[in-house]
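# Coordinates in review
Letter by letter, the chains look like this.
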Amino acid sequence: MFELTQAGDCSYYVNAPAKIGIYCSGDGQVCLIDSGNDKDAGRKLLRILEQRGWQLTGIVNTHSNADHIGGNHFIQQKTGCKIFAEGIEGHFTESPILEPAFLYGGFPAGALRHKFLMAQPSSVVPFSDPDFPSGLKVIPLPGHFFQMYGFRTPDDTVFLADCLSSAATLEKYHVSFIYDVAAYLDTLDAVARMEGRLFVPSHAEATDDIGPLVDLNRKKVRQIADLICTFCRTPASSEAVLKHVFDSYGLTMNFEQHVLVGSTVRSYLSWLHDSGELEAEFTDNTLRWKRR
């Protein structure tokens with residue numbers, strides 16, 4: 001873990017629970033693409049930069065999930081570097097309580113207020129800031145989270161953030177976190193059309209052929225949607241649907257999985273409702289979903 005791998009003439013990535021990109025813009029100056037999940041990740045990243053004689057100019061965040069911004073605070077405190085984050089992702093980065101609050105749907109219990117769901121706050125500037133790394137091309141990748149972005153470096157390495165899960169992750173956990181299913185499917189279509197020398201997803205192996213992994217993730221979305229629709233032949237509450245998903249895939253419920261998978265399942269229900277596959281009804285003061 002935390003091995004440095006060269007991806008192209010000016011691109012590297014660090015193998016971590018969520019891969020961290022490094023873009024070398026010249027003269028020993030580099031920017032990080034994400035920062036890992038905590039201060040220990042930040043400390044290890046700074047050590048890698050020091051060993052290479054690289055000077056950090058900034059951190060570019062793909063999105064505001066804690067495992068991607070967790071090293072921000074430590075690195076910014078140590079170096080004073082700028083952190084670039086866009087729109088609502090920037091707000092979540094500056095006020096990390098928003099992530100567990102959003103997932104829970106209210107003030108989050110203490111069991112949800114920890115580093116895996118809530119990073120330390122850091123100050124950010126938008127991508128329009130004049131110090132944003134020149135040469136980086138910004139790629140919108142909505143769906144997984146509110147305004148996720150990927151980045152293409154001048155050597156044609158494409159950092160894809162969290163828009164794809166590995167085959168092993170899908171086989172073990174089945175339900176990847178998705179905020180907006182329709183936008184996510186559009187992003188998969190866009191990624192399938194991309195050309196690049198090397199693609200680096202945050203949670204899958206780097207590859208020069210991204211198509212098979214895109215297809216696998218798209219098929220899993222449809223499988224989960226079909227599972228939900230079949231169950232809702234008889235009207236079912238959101239909690240009943242969530243239990244059915246857990247039972248069907250042999251998942252184990254805990255506080256974290258309840259909010260992560262629960263939020264995703266509710267996103268599926270919204271998408272299926274908006275696309276006309278499910279209808280919502282209120283009986284006995286309970287919202288129930290029913291297949292049309």
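Conventions we followed
Residues numbered from 1 in each chain as written. Predicted model: local features only at pLDDT ≥ 70, side-chain atom pairs only at ≥ 80, totals over all residues. Heavy atoms only, no water. UniProt positions renumbered as here; feature names shortened; annotations may be inferred. Helix = DSSP H or I, 4+ residues; strand = E, 2+ residues; numbered from the N terminus. Contact = heavy atoms within 4.5 Å. Buried < 20%, exposed > 50% of the residue type's maximum accessible area, 1.4 Å probe, protein only. Domains from an automatic or database assignment. Buried area = accessible area lost by both parts, 1.4 Å probe. Polar contact = N/O pair within 3.5 Å; in protein donor to acceptor, adjacent residues only side chain to side chain. Nonpolar A, V, L, I, M, F, W, Y, C, P; charged D, E, K, R; others polar. Salt bridge = Lys/Arg side-chain N within 4 Å of Asp/Glu carboxyl O. Phe/Tyr/Trp six-rings, centres within 6.5 Å; stacked < 30°, edge-to-face > 60°.

Bringing the UniProt feature "domain: Metallo-beta-lactamase" (unreviewed entry) in the protein chain into the picture now. Here the UniProt-annotated "domain: Metallo-beta-lactamase" (unreviewed entry) positions come out as residues 17–203. Counted over residues 17–203, helix gives 33% and strand 24%. Its end C-alpha atoms are 7 Å apart.

This paragraph deals with the environment of Cys232. By secondary structure assignment, the location of Cys232 is in the loop between α8 (211–231) and β11 (236–237). Separated by 189 residues in sequence, Cys232 and Arg43 place their C-alpha atoms 48 Å apart. Setting aside residues up to four positions removed in sequence, Cys232 forms contacts with Val241, Leu278, Trp289, Lys290 and Arg291.

Looking at the element boundaries, Thr264 is found in helix α10 (residues 255–274). Residue class for Thr264 comes out buried when judged on its relative accessible area of 1%. Contact partners of Thr264, with chain neighbours within four places excluded, come to Val175, Ser176, Phe177 and Ile178.

Taken domain by domain, the protein chain holds domain 1 (3–162) and domain 2 (222–291). Counting residues at the interface gives eight residues for domain 1 and six residues for domain 2. Interface area for domain 1 against domain 2, summed over the two sides, is near 630 Å², with a carbon-plus-sulfur share of 77%. Of all residues in domain 1, Leu103, Leu112 and Leu117 bury the most surface against domain 2, accounting for 58% of the area lost on that side. For the interface between domain 1 and domain 2, the tally reads one residue pair in polar contact (both at pLDDT 80 or more). Looking at the side of domain 1 that touches domain 2 residue by residue, the classes come out as seven nonpolar, one polar and no charged.

Here the structure, examined in full by the defined rule, presents eleven salt bridges. Across the pair Asp40 and Arg43 runs a salt bridge whose closest N-O atoms are separated by 2.8 Å. Separated by three residues within a single helix, Asp40 and Arg43 lie in helix α1 (residues 39–52), roughly one turn from each other. The partly exposed category is assigned to Asp40, whose relative accessible area is 37%. Classification of Arg43 as partly exposed rests on a relative accessible area of 33%. In the salt-bridge network here, residues are joined through shared partners; they are Lys82, Asp129 and Asp131.

A word on the packing of aromatic side chains. In the structure shown here, the tally under the stated rule is 16 aromatic pairs. Ring centres 5.3 Å apart and planes at 45° place the aromatic pair Phe92 and Phe146 in the tilted group. A residue pair is termed long-range when its members are at least 10 positions apart, and Phe92 in helix α4 (residues 87–94) and Phe146 in the loop between β7 (137–140) and β8 (149–152) qualify at 54 residues. Of the two residues, Phe92 and Phe146, neither departs from the other in class, the shared state being buried. Ring-pair connections join several aromatic residues into one group, and the members of that group are Phe92, Phe102, Phe145, Phe146, Phe177 and Tyr179.

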